[in-house]
Amino acid sequence: MSDSDAVRPFVVGIIGGGQLARMMHQAAIGLGVRTRLLAEGCDVSAAQVVADVTVGDYTDPATVTAFAAGCDVITFDHEHVPAAILRELEASGKAVRPGPAALVHAQDKVLMRERLSAFGAPCPVFRVVPDEAALVAFGDEQGWPVIAKTSRGGYDGKGVWKLDGPEQAAEPFARLGEGVQVLAEEHVDFARELSALVVRSPSGQAVAYPVSESVQRDGVCVETTTPAPGLTEEQATSAQHLALAIAAELEVVGLLAVELMQRRDGSVVVNELAMRPHNTGHWSIDGAHTSQFENHLRAVLDLPLGDPVARQPWTVMGNVLGGTEEDLPSALLHCFARDRRLRVHLYGKEVKPGRKVGHVTTFGSDLDDVRRRARHAAGYLRGDHDA
Ligand SMILES: Nc1ncnc2c1ncn2[C@@H]1O[C@H](COP(=O)(O)OP(=O)(O)O)[C@@H](O)[C@H]1O
Ligand SMILES: [Mg+2]
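Residues numbered from 1 in each chain as written. Chains lettered and ligands numbered in written order. Predicted model: local features only at pLDDT ≥ 70, side-chain atom pairs only at ≥ 80, totals over all residues. Heavy atoms only, no water.

Rules: UniProt positions are given in the numbering used here, feature names are shortened, and annotations may be inferred rather than shown by experiment.
Going by what an unreviewed UniProt entry lists, the chain is known as N5-carboxyaminoimidazole ribonucleotide synthase and is assigned to Auraticoccus monumenti. Among the UniProt annotations of the chain, the heading Pathway (unreviewed entry) holds the following wording: "Purine metabolism; IMP biosynthesis via de novo pathway; 5-amino-1-(5-phospho-D-ribosyl)imidazole-4-carboxylate from 5-amino-1-(5-phospho-D-ribosyl)imidazole (N5-CAIR route): step 1/2." The Sequence similarities (unreviewed entry) field of the UniProt record for the chain holds the comment "Belongs to the PurK/PurT family."

Okay, structure coming up:
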């Protein structure tokens, strides 16, 4: 065999250099998979750890095409790469996973709502509203408060408004970008939020993670508990089936997160979809037999998927949000001294108020104890030493 025929490792190109890419890279190491990164800057979270980094603009077709040339498959840290660029890559024969035809449903909340409701997935009452008057009419029909969202570009609660009355209906239209619509939704008075994560490979194999409960504060996930406490087996299975059905219907490849709102009567409606590893799946790094990051990589490489089942009765993940503690490394001293089973993942990001800079994971058989430990550690790392 000549050198040019030499067996070479898979090369996965990841677009976006945040913590999701960083943790994907961590999973790639164990699989002997090489990663290439298209990053926003040379010092972003994943660029600190991946050897092969291109700094460039993911909205520029030439940059993305040149980046993709050396990769076996392209996948994502975020959902913001324009679909037109991805369609062209796909047409040129490059594997893009998830593909643009699926990904648009995670990029555009209007397309997502239309497709899911046509397919029979439970959604809140919704309507695309062209202007303030139409939004007021929707609120008057449905009853206030209502939720308004921009169709594209939102994240972590940015681009979502709870409107208490007609006098607030101008706000969502104030700074609309080109091609962005406003989606009005019934305000779901949910008991809690759930998250159903599934992974699907190109050959159609799929696995479902145990359903998690997630708590958001100011639109940002702060804590997850897996499995969701008090969820009946029937409810859990039905949420998993719903997520598997959406993944199959949209032909998603890789991880699909279905964010759900559970009403007080126990029924669920879909909030939104994400097609990449998800914050509510971080527990799986330490808590599941196969992490969401490893299964996402296996899926995009069409390798058999690993067991998503939890190793322990309860796993709690606490996000470390930027607070008053800037010296995370020395805060570790206290956290590790206090809890020898605590797992900590720091993302190498500069601490800024409210920014996701890491997460902690605890697990065990006593839920109260597992939660207390996660809350203490996440709070301490934030600078709240009495947590
Ligand atoms: N129709 C709704 N009714 C009640 N709360 C909602 C509704 N839609 C969204 N929310 C709340 O707003 C949060 C953020 O909305 P989401 O569409 O997931 O935006 P983002 O893209 O910022 O994550 C949700 O996690 C949920 O807490
Ligand atoms: Mg969301």
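1. Let's talk about the UniProt feature "domain: ATP-grasp" (unreviewed entry) in the chain
Selection rule: Segments assigned H or I by DSSP are reported as helices when at least four residues long, segments assigned E as strands when at least two residues long, and all are numbered from the N terminus.
UniProt annotation of "domain: ATP-grasp" (unreviewed entry) refers to residues 113-301 when read in the numbering used here. Here residues 113-301 runs as 26% helix and 31% strand, with 29 Å between its end C-alpha atoms.

2. Focus on the nonpolar core
What counts, and what does not: For our purposes a nonpolar core is just a set of buried Ala, Val, Leu, Ile, Met, Phe, Trp, Tyr and Cys residues, chained together by side-chain atoms within 4.5 Å. Partly exposed residues are those whose accessible area sits between 20% and 50% of the maximum for their type, while under 20% is buried and over 50% is exposed, using a 1.4 Å probe and protein chains only. Residue contacts are counted whenever heavy atoms from the two residues lie within 4.5 Å of one another.
Of all hydrophobic cores here, the largest spans 43 residues; its most connected members are Ile246, Leu256, Val258, Leu260, Leu273 and Met275. Ranked by residue count, the leading element in this core is helix H7 (residues 233-250), at seven residues. Residues within four places of leucine 260 in sequence aside, it is in contact with Arg192, Glu193, Leu194, Ala196, Ala239, Leu242, Val268, Val269, Val270 and Asn271. With 21 residues, the next largest nonpolar core counts Ile14, Leu20, Ala39 and Val300 among its residues.

3. Side note on the domain arrangement of the chain
Counted only if it meets this: What counts as a domain boundary in this text is fixed by an automatic or database domain assignment. The quantity reported as buried area is the accessible area (1.4 Å probe) lost by two parts once they are put together, taken as the sum for both.
By the assigned domains, the chain splits into domain 1 (8-96), domain 2 (125-186), domain 3 (189-311) and domain 4 (313-387). Its C-alpha centre places domain 1 at a distance of 23 Å from the equivalent point of domain 3. On the domain 3 side, the residues contacting the 15 residues of domain 1 number 14 residues. Both sides together, the interface formed by domain 1 and domain 3 hides about 1,300 Å², and carbon and sulfur atoms give 77% of it.

4. A few points about the UniProt feature "binding site: ATP" (unreviewed entry) in the chain
Residues annotated by UniProt as "binding site: ATP" (unreviewed entry) correspond here to Lys109, Lys149, Glu185, Glu186, His187, Val188, Glu193, Asn271 and Glu272. Here glutamate 185 lies in strand S9 (residues 182-186). Its relative accessible area of 2% is what places glutamate 185 among the buried residues. In contact with glutamate 185, other than residues within four places in its own chain, are Arg113, Pro124, Val125, Phe126, Phe138, Val146, Ile147 and Lys149. Secondary-structure assignment places asparagine 271 in strand S15 (residues 268-274).

5. Focus on the packing of helix H10 (residues 328-338) against helix H11 (residues 367-382)
The cut-off we apply is this: Axis definition: a line fit to C-alpha positions, over the contact stretch in the case of helices; interaxial angles, taken between N-to-C directions, run 0 to 180 degrees. An angle below 35 degrees is treated as roughly parallel, one above 145 as roughly antiparallel, one from 65 to 115 as roughly perpendicular, and anything else as oblique. By definition, turning the near helix anticlockwise from the far helix through less than a right angle yields a left-handed crossing, and turning it clockwise yields a right-handed one. Each residue gets one of three labels, nonpolar for Ala, Val, Leu, Ile, Met, Phe, Trp, Tyr, Cys and Pro, charged for Asp, Glu, Lys and Arg, and polar for the others, Gly among them.
Running from N to C, H10 and H11 point in directions that differ by 155 degrees, and their axes come no closer than 9 Å. As summarised for this structure, H10 and H11 are arranged roughly antiparallel, according to the angle between their axes. For the element pair H10 and H11, the recorded crossing hand is right-handed. Between H10 and H11, the contacting residues are Leu328, Ala331, Leu332, His334, Cys335 and Arg338 on the first element and His376, Ala377, Tyr380 and Leu381 on the second. Within the contact of H10 with H11, the residues separate by chemical class into seven nonpolar, two polar and one charged.

6. Here we look at the coordination of the magnesium ion (ligand 2)
Defined as follows: Any nitrogen, oxygen or sulfur atom within 2.8 Å of a metal ion counts as a donor, with the limit raised to 3.2 Å for Na, K and Ca, and since water is left out, coordination shells can look unfinished.
Glu259 (OE) and Glu272 (OE) make up the full set of protein donors to the magnesium ion (ligand 2), lying at 2.0 to 2.4 Å. Pair noted here: glutamate 259 is in strand S14 (residues 254-262) and glutamate 272 is in strand S15, with a separation of 13 residues, a long-range link. Looking at glutamate 259, the relative accessible area reads 16%, which means it is buried.

7. A short note on the site of ligand 1
Selection rule: By convention in these notes, a residue is near a molecule or strand provided one of its non-hydrogen atoms lies within 4 Å of it. Here a polar contact means two N or O atoms within 3.5 Å. Within protein one must be a hydrogen donor candidate and the other an acceptor candidate, and residues neighboring in sequence count only if both atoms are side-chain atoms. Working definition of accessibility: Shrake-Rupley area with a 1.4 Å probe, residue cover restricted to the visible protein chains.
Around ligand 1, a shell composed of 19 residues is seen, among which Lys149, Gly157, Glu193, Asn271 and Glu272 lie nearest. Within the backbone of aspartate 156, one N or O atom sits 3.1 Å away from an oxygen atom of ligand 1. Here ligand 1, which alone exposes 550 Å², has 90% of that area covered by the protein. Looking at the shell around ligand 1, the elements that each hand over two or more residues are strand S7 (146-150), S9, S14 and S15. The residues that make up the shell around ligand 1 include at least three from each of domain 2 (125-186) and domain 3 (189-311).

8. Quick look at the layout of surface pockets
One water molecule sets the probe size; rolling that probe over the atoms shows where empty space is left. Just so we agree on the cut-off: Method remark: on a 1 Å grid restricted to protein atoms, a set of points is classed as a cavity if a 1.4 Å probe fits but cannot get out and as a pocket if it is open with protein on both sides within 12 Å along at least five of seven lines; lining residues have an atom within 4 Å of a point. Grid points are joined across faces, edges and corners, and a volume is the space filled by probe spheres set on the points.
Computed from the structure, the second largest pocket encloses a volume of approximately 230 Å³. For the lining of the second largest pocket, the elements supplying multiple residues, two or more each, are strand S5 (95-96), helix H4 (100-107) and H7. In terms of residues, the lining of the second largest pocket owes the most to one element, H4, which gives four residues. There are two domains that each give the lining of the second largest pocket at least three residues, and those are domain 1 (8-96) and domain 3 (189-311).

9. Quick look at the environment of valine 344
Within the secondary structure, valine 344 is located in strand S17 (residues 343-346). Look at valine 344 and you get buried, because its relative accessible area is 19%. Sequence separation between valine 344 and alanine 148 is 196 residues; the distance between their C-alpha atoms is 36 Å.

10. Concerning the side chain of serine 284
By the secondary structure assignment, serine 284 is in helix H8 (residues 283-287). There is a polar contact of 2.9 Å between the side chain of serine 284 and the backbone nitrogen of glutamine 292. Those residues in contact with serine 284 that sit more than four places away from it in its chain are Tyr209, Thr290, Ser291 and Gln292.

11. Examining the packing of H4 against helix H5 (residues 109-118)
The geometry of H4 relative to H5 is characterised by a closest axis approach of 5 Å and an angle of 110 degrees between their N-to-C directions. Here H5 runs roughly perpendicular to H4, going by the angle between their axes. For the pair H4 and H5, the contacting residues are Val104, His105 and Gln107 in the first and Lys109, Leu111, Met112 and Arg115 in the second. Each residue belonging to the contact of H4 with H5 can be placed in one class, and the counts come to three nonpolar, two polar and two charged.

12. Comments concerning the sheet that holds S7
Put simply, the rule is: By the convention used here, strands pair only if DSSP detects at least 2 bridges between them.
The four strands lie next to each other as S6-S9-S7-S8, forming an open sheet whose pairing is antiparallel. Each edge of the sheet is formed by a strand with only one pairing partner; in this case those strands are strand S6 (126-129) and strand S8 (160-163). For this sheet, the mean inter-axis angle between neighbouring strands, taken without regard to orientation, is 25 degrees. Strands S6, S7, S8 and S9 of the sheet are contacted by H5, whose axis makes an angle of about 140 degrees with S6. Contacting S6, S7, S8 and S9, helix H6 (residues 132-142) crosses the sheet at an angle of about 160 degrees to S6.

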